[in-house]
Amino acid sequence: MADPIGLIGQAGGAQPLRPLQSSGAAQNAEGGPDFKNVLMDNLEKVNAAQRDADQAVEDLVTGKRDDLEGVILATQKADGAFKMLQAMRNKVMEAYEEISNVRV
C-alpha cells in the first residue's frame, strides 16, 4: 500500500511519527513530539489531500481542468491517506480496548 501521508518509511519498515516542524511544537518529557500534535498534523495532511481531490474533481466538471489522470491521482491519494488514517485509528482503539481489559 502506498503511504500518502508519510507514516511508513521507504525501506526500513515502520518509522516513528514526526510532526511538521514548527517553532512552538510541544514535546513530551523524553524530548519527543506529543502524540496529540503528531495526530493533529496528520489529520490536517489528510484533510488537505481531500480538499485537493475535491477541488480537482470540481475543476474537471466545470471545465477548468482537462487532465483526467491528475484528478484520478488526487482522488486516489486522498483515499489512501484516509485509509491510512482509519487504520491508525483502528490500532489506537485496539490498544485502548486491550489496556482497558488489563486487571489491576
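Residues numbered from 1 in each chain as written. Predicted model: local features only at pLDDT ≥ 70, side-chain atom pairs only at ≥ 80, totals over all residues. Heavy atoms only, no water.

Draft legend 1. Highlighting the overall build of the chain. Counting secondary structure elements, the chain contains two helices and zero strands. Within the span of the chain, comprising 104 residues, buried residues form 19% of the whole. Of the contacts formed within the chain by residues at least 6 apart in sequence, a portion of 50% connects residues at least 24 apart. Counting every atom, the chain has about 8,000 Å² of accessible surface; 54% of that belongs to carbon and sulfur. (Helix = DSSP H or I, 4+ residues; strand = E, 2+ residues; numbered from the N terminus. Buried < 20%, exposed > 50% of the residue type's maximum accessible area, 1.4 Å probe, protein only. Contact = heavy atoms within 4.5 Å. Areas by Shrake-Rupley, 256 points an atom, 1.4 Å probe, with all protein chains shown as cover.)

Draft legend 2. Up close: the pattern of salt bridges. Inspection of every chain in the model, using the stated rule, returns three salt bridges. With a shortest N-O distance of 3.3 Å, Asp79 and Lys83 are connected by a salt bridge. Here Lys83 and Asp79 lie together in helix 2 (residues 68-100), a separation of four residues that amounts to about one turn. For Lys83, a relative accessible area of 41% gives the class partly exposed. (Salt bridge = Lys/Arg side-chain N within 4 Å of Asp/Glu carboxyl O.)

Draft legend 3. Structural context of the nonpolar core. Within the largest apolar cluster, six residues are counted, these being Ala49, Ala53, Ala56, Val71, Ala74 and Ala78. The contact partners of Val71, leaving out residues within four places of it in the chain, are Ala56, Val57, Leu60 and Arg65. (Core = buried A, V, L, I, M, F, W, Y, C linked by side-chain atoms within 4.5 Å.)

Draft legend 4. Structural view of the packing of helix 1 (residues 35-62) against helix 2. Running from amino to carboxyl end, helix 1 crosses helix 2 at an angle of 155°, the nearest separation of the two axes being 8 Å. Taken together, the axes of helix 1 and helix 2 lie roughly antiparallel to each other. Remark: the crossing between helix 1 and helix 2 carries left-handed chirality. On the side of helix 1, the interface is formed by Phe35, Leu39, Leu43, Val46, Ala49, Gln50, Ala53, Ala56, Val57 and Leu60, while helix 2 contributes Leu68, Val71, Ala74, Thr75, Ala78, Ala81, Phe82, Leu85, Met88 and Val92. The class makeup of the residues in the contact of helix 1 with helix 2 is 18 nonpolar, two polar and no charged. (Axes fitted to C-alpha atoms, helices over the stretch in contact; angles between N-to-C directions. Parallel < 35°, antiparallel > 145°, perpendicular 65-115°, else oblique. Left-handed = near helix turned anticlockwise from the far one by under 90°. Nonpolar A, V, L, I, M, F, W, Y, C, P; charged D, E, K, R; others polar.)

Draft legend 5. Geometry of helix 2. Spanning 33 residues, helix 2 covers 48 Å between terminal C-alpha atoms, matching the ideal 48 Å at 1.5 Å per step. By the burial criterion, the buried members of helix 2 are Gly70, Val71, Ala74, Ala78, Gly80, Ala81, Met84, Leu85 and Met88. Looking at the packing, one finds that the buried side of helix 2 touches helix 1. (Expected span 1.5 Å × (residues − 1).)

Draft legend 6. Summary view of helix 1. If you check helix 1, its first and last C-alpha atoms are 40 Å apart, about what 28 residues at 1.5 Å a residue would give, namely 40 Å. All buried positions along helix 1 are accounted for by Val38, Asn42, Val46, Ala49, Ala53, Ala56 and Asp59. Phi turns positive one or two residues past the end of helix 1, at Gly63, with a value near 90°.

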